[in-house]
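In case you want the letters, here they are:
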Amino acid sequence: MSDAVLRVEGLHKDFGRLEVLKGIDMEIHKGEVVVIFGRSGSGKTTLLRCINLIEDPSRGSVEVDGIRLEGGHRSRAKRELIRQLRIHTGMVFQQFNLFPHMTALGNVMEGPVTVKGVPESQARNTALELLDRVGLRDKAEEFPIRLSGGQQQRVAIARALAMEPSVILFDEPTSALDPELIGEVLSVMKSLATEMHMTMVVVTHEMGFAREVANRMMFFHEGMILEQGTPDEIFESTRYPETRRFLDAVL
């Protein structure tokens with residue numbers, strides 16, 4: 001039996017006449033860290049948005065923890081499946097997307113209380129533990145406007161963890177940060193991989209993180225996975241000139 005937590009089959013996404021995803025097939029296994037990299041506009045973010053159904057796939061299917069959804073129109077039954085799938089799928093956005101009217105603690109508590117019906121006292125204790133894990137317990141009562149970009153992103157990671165997801169999707173989590181703040185976020189992400197064995201799909205240009213933490217890397221090119229392999233395979237013996245040109249540009 002496969003231990004795939006996430007399975008994508010024949011995934012296409014069209015915006016009008018523009019085909020952004022051109023038949024993506026991928027499996028992510030429990031505890032795996034997969035880094036997706038490639039030029040802007042190659043479809044990386046669109047893939048993540050299709051996996052958690054922020055965008056409806058045009059064709060193909062997405063399966064997370066046994067919950068399978070086909071692309072196409074939404075029905076009432078499908079909307080309920082989407083809700084279930086999202087409970088199992090954490091998302092960390094490029095722009096943090098914290099609720100500005102809630103404290104750091106409130107942001108981390110909100111999902112479990114509102115979506116899963118967890119009692120507030122239990123959710124509060126869990127949220128404080130998660131803020132401690134990302135090094136921000138002392139900022140629990142601060143509002144997002146009082147936090148640095150790096151601190152806001154760490155709160156966002158704690159918020160994703162609070163839902164106990166099967167997989168967390170990271171959409172360029174450091175690209176909106178000042179250079180001196182990137183390390184603190186990558187350090188938290190590394191600890192999720194090495195200490196919690198969290199299943200993670202990470203869209204990033206941080207090749208040092210990829211080399212150190214990823215089990216696999218996938219190079220996106222014009223809406224397709226052009227190449228994939230271990231970090232050693234990608235960095236040392238990439239098979240495609242497009243991948244090599246990209247790596248030469250970012251390393």
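Placed above this text is the structure.
Now for a quick tour of the structure. It should be emphasised that the depicted structure is a prediction, and the values quoted were computed from it without experimental measurement.

Scoring rules and cut-offs
- Residues numbered from 1 in each chain as written.
- Predicted model: local features only at pLDDT ≥ 70, side-chain atom pairs only at ≥ 80, totals over all residues.
- Heavy atoms only, no water.
- Helix = DSSP H or I, 4+ residues; strand = E, 2+ residues; numbered from the N terminus.
- Rg over C-alpha atoms; globule rule 2.2 N^0.38 Å.
- Buried < 20%, exposed > 50% of the residue type's maximum accessible area, 1.4 Å probe, protein only.
- Contact = heavy atoms within 4.5 Å.
- Areas by Shrake-Rupley, 256 points an atom, 1.4 Å probe, with all protein chains shown as cover.
- Lys, Arg positive; Asp, Glu negative; His and termini not counted.
- Charge placed at Lys NZ, Arg CZ, Asp CG, Glu CD.
- Axes fitted to C-alpha atoms, helices over the stretch in contact; angles between N-to-C directions.
- Parallel < 35°, antiparallel > 145°, perpendicular 65-115°, else oblique.
- Left-handed = near helix turned anticlockwise from the far one by under 90°.
- Nonpolar A, V, L, I, M, F, W, Y, C, P; charged D, E, K, R; others polar.
- Pairing = 2+ DSSP bridges.
- Phe/Tyr/Trp six-rings, centres within 6.5 Å; stacked < 30°, edge-to-face > 60°.
- Lys NZ or Arg CZ within 6 Å of the ring centre and 35° of its normal.

### Quick notes on the overall build of the chain
So, step 1. Counting secondary structure elements, the chain contains 9 helices and 10 strands.
So, step 2. Taking 251 residues into account, the globule formula puts the C-alpha radius of gyration at 18 Å, and the chain, at 18 Å, falls close to it.
So, step 3. Overall, the C-alpha framework of the chain stretches about 50 × 45 × 40 Å when taken along its three principal axes.
So, step 4. Taken across its 251 residues, the chain has 53% of its residues classed as buried.
So, step 5. A fraction of 64% describes how many contacts in the chain between residues 6 or more apart in sequence connect residues 24 or more apart.
So, step 6. Working note: accessible area of the chain is about 11800 Å², and carbon and sulfur atoms make up 48% of it.
So, step 7. The centroid of the 30 positive side-chain charges in the chain is displaced by 5 Å from the centroid of its 36 negative side-chain charges.

### Notes on the packing of helix α3 (residues 104-114) against helix α4 (residues 120-133)
So, step 1. One way to put it is that α3 packs onto α4 with a least axis distance of 9 Å and a crossing angle of 130°. Compared by their axis directions, α3 and α4 come out oblique. Here α3 runs over α4; the crossing is right-handed. When α3 is examined against α4, the residues Ala-104, Leu-105, Val-108, Met-109, Pro-112 and Val-113 are found in contact with a partner set consisting of Glu-120, Ala-123, Arg-124, Ala-127, Leu-128, Leu-130 and Leu-131.
So, step 2. In terms of residue class, the contact of α3 with α4 is made up of 11 nonpolar, no polar and 2 charged.

### Things to note about the sheet that holds strand β1 (residues 4-15)
So, step 1. On the basis of which strands lie adjacent, the open sheet formed by 4 strands has the order β2-β1-β4-β5 and antiparallel pairing. Of all strands in the sheet, those bounded by a partner on one side alone are β2 (18-29) and β5 (67-70). Taken pair by pair, the neighbouring strands of this sheet meet at an average axis angle of 15°, ignoring direction.
So, step 2. Across 5 bridges, the pairing between β1 and strand β4 (residues 59-64) is antiparallel. Among the inter-strand pairings, His-12 is bridged to a residue of β4, identified as Arg-59.
So, step 3. Against the sheet, helix α1 (residues 44-51) contacts β1, β2 and β4, and its axis sits at roughly 115° relative to β1.
So, step 4. Docked against the sheet, helix α2 (residues 76-87) engages β4 and β5, running at close to 130° with respect to β5.

### Thoughts on unusual backbone geometry
So, step 1. Even without glycine at this site, Leu-53 takes up a positive phi of about 60°.
So, step 2. The phi dihedral of Glu-164 falls on the positive side, at around 50°, and the residue is not glycine.
So, step 3. Topologically, Glu-164 is positioned in the loop between α5 (149-162) and β7 (167-171).

### Quick look at the sheet that holds β7
So, step 1. A sheet is described by the order of its strands in space; here 6 strands give the open sequence β6-β7-β8-β3-β9-β10, paired in mixed fashion. Two strands bound the open sheet, and with one partner strand each, they are β6 (89-92) and β10 (224-229). The mean inter-strand angle of the sheet, taken between neighbouring strand axes irrespective of direction, is 20°.
So, step 2. For β7 and strand β8 (residues 200-203), the ladder comprises 4 bridges, and the chain directions are parallel. Counterpart to Asp-171 in the pairing with β8 is Val-203.

### Looking at the packing of aromatic side chains
So, step 1. Applying the stated rule across the entire model yields 3 aromatic pairs.
So, step 2. With a centroid separation of 5.7 Å and 50° between ring planes, the pair formed by Phe-37 and Phe-246 is classed as tilted. With a gap of 209 residues between them, Phe-37 in strand β3 (residues 33-38) and Phe-246 in helix α9 (residues 241-250) connect regions that are remote in the sequence. We note that Phe-37, like Phe-246, is buried.
So, step 3. Among the aromatic residues, those joined into a cluster by ring pairs are Phe-37, Phe-219 and Phe-246.
So, step 4. Above the plane of the ring of Phe-15 lies Lys-13, whose end atom (NZ or CZ) is 5.0 Å from the centre.

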